[in-house]
Amino acid sequence: MINELQNFYQTQEESNRSCLWALRSIILNQHVQISEVRKYGMPCFIYNKKAICYLWIDKKTKTPYILFVDGQKLTHPKLETGKRSRMKILYVNPHQDIPLQTITDIMTVVLGLHTK
């Protein structure tokens with residue numbers, strides 16, 4: 001499983017590769033109980049046995065993003081719904097500083113939704 005995940009990151013074009021590795025680290029560092037698996041071909045992050053977010057790259061713009069599973073329960077001006085009814089996404093420009101505070105703020109709410 002780890003080899004598939006590493007392969008996902010390593011096969012991305014540079015800029016996106018570095019950005020995705022950094023996003024992975026940021027997400028995993030939000031809580032010791034967050035783990036990573038691969039679902040639907042994407043890195044999926046699990047907390048309390050539930051998927052909380054995924055990392056992926058927009059097919060048209062080639063921009064990395066974090067897809068939040070319970071997006072309908074999240075309100076943040078940087079989150080986009082698009083055509084989704086349940087999930088929301090946060091685009092991350094790989095050529096700019098990663099919005100660490102934004103990710104941390106959103107992840108705090110996400111973890112609160114899944115705390116037993």
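Residues numbered from 1 in each chain as written. Predicted model: local features only at pLDDT ≥ 70, side-chain atom pairs only at ≥ 80, totals over all residues. Heavy atoms only, no water.

Some remarks on the overall build of the protein
Then step 1. Across its full length, the protein holds three helices and five strands.
Then step 2. The order of α-helices and β-strands along the protein, N terminus first, is α-α-β-β-β-β-β-α.
Then step 3. With respect to the principal axes defined by its C-alpha atoms, the protein has extents near 35 × 30 × 25 Å.
Then step 4. Looking at the protein residue by residue over its 116 residues, the buried ones come to 41%.
Then step 5. A separation of at least 24 residues holds for 45% of the contacts in the protein among residues at least 6 apart in sequence. (Helix = DSSP H or I, 4+ residues; strand = E, 2+ residues; numbered from the N terminus. Buried < 20%, exposed > 50% of the residue type's maximum accessible area, 1.4 Å probe, protein only. Contact = heavy atoms within 4.5 Å.)

Regarding the sheet that holds strand S4 (residues 64–68)
Then step 1. Spatially, the five strands line up as an open sheet ordered S1-S2-S3-S4-S5, and their pairing is antiparallel. Strand pairing shows two members of the sheet lacking a second neighbour, strand S1 (35–39) and strand S5 (88–91), which therefore form its edges. Neighbour to neighbour, the strand axes of the sheet diverge by 30° on average, direction disregarded.
Then step 2. Relative to S5, S4 runs antiparallel, the two sharing four bridges. What sits directly across from Ile66, in S5, is Leu90. (Pairing = 2+ DSSP bridges. Axes fitted to C-alpha atoms, helices over the stretch in contact; angles between N-to-C directions.)

So, the packing of aromatic side chains
Working definition: an aromatic ring pair is given by the centre-to-centre distance plus the angle between the planes.
Then step 1. One pass over the structure, following the stated rule, counts five aromatic pairs.
Then step 2. Look at Phe8 and Trp56: their rings are 5.7 Å apart centre to centre, the planes differ by 15°, and that puts the pair in the stacked class. In this pair, Phe8 sits in helix H1 (residues 2–10) while Trp56 sits in strand S3 (residues 50–57), placing the two residues 48 residues apart along the sequence.
Then step 3. For Trp56, a relative accessible area of 24% translates into the label partly exposed.
Then step 4. In this structure an aromatic cluster arises from ring pairing among Phe8, Tyr9, Trp21 and Trp56. (Phe/Tyr/Trp six-rings, centres within 6.5 Å; stacked < 30°, edge-to-face > 60°.)

Topic: helix H3 (residues 100–113)
Because the α-helix completes a turn every 3.6 residues, residues three or four places apart line up on one side.
Then step 1. Counted at 1.5 Å a residue, the expected span for H3 with its 14 residues is 20 Å, and the 20 Å between its end C-alpha atoms agrees.
Then step 2. Taken as a whole, H3 has its buried residues at Thr102, Ile103, Ile106, Met107, Val110 and Leu111. Buried positions in H3, seen along its axis, are confined to an arc of 155° and lie on one side of it. Those residues of H3 that are exposed and angled more than 90 degrees off the buried face are Gln101 and Thr108.
Then step 3. For H3, the elements touching its buried residues are helix H2 (16–28), strand S2 (42–47), S3, S4 and S5. (Expected span 1.5 Å × (residues − 1). Arc of directions from axis to C-beta.)

So, the nonpolar core
What tends to happen in soluble globular proteins is that the nonpolar side chains get buried as a cluster.
Then step 1. Ranked by size, the top nonpolar core spans 25 residues in total, and within it Ile52, Ile66 and Phe68 carry the most contacts.
Then step 2. The set of elements that each furnish at least two residues to this core consists of H1, H2, S2, S3, S4 and H3.
Then step 3. Every residue in contact with Ile52, bar those within four places of it in the chain, is listed here: Ile34, Phe45, Tyr47, Leu67, Phe68, Val69, Met107, Val110, Leu111 and His114.
Then step 4. The next biggest cluster of nonpolar side chains, apart from the first, holds nine residues, and it includes Met42, Ala51, Tyr65 and Ile89. (Core = buried A, V, L, I, M, F, W, Y, C linked by side-chain atoms within 4.5 Å.)

Re the confidence of the model for the protein
Then step 1. When pLDDT is averaged across the protein, the result is 94; 97% of the residues are at 70 or more.
Then step 2. Of all helices and strands in the protein, the one with the weakest mean pLDDT is H1 (86), whereas H2 scores best (98). (pLDDT = per-residue confidence, 0-100.)

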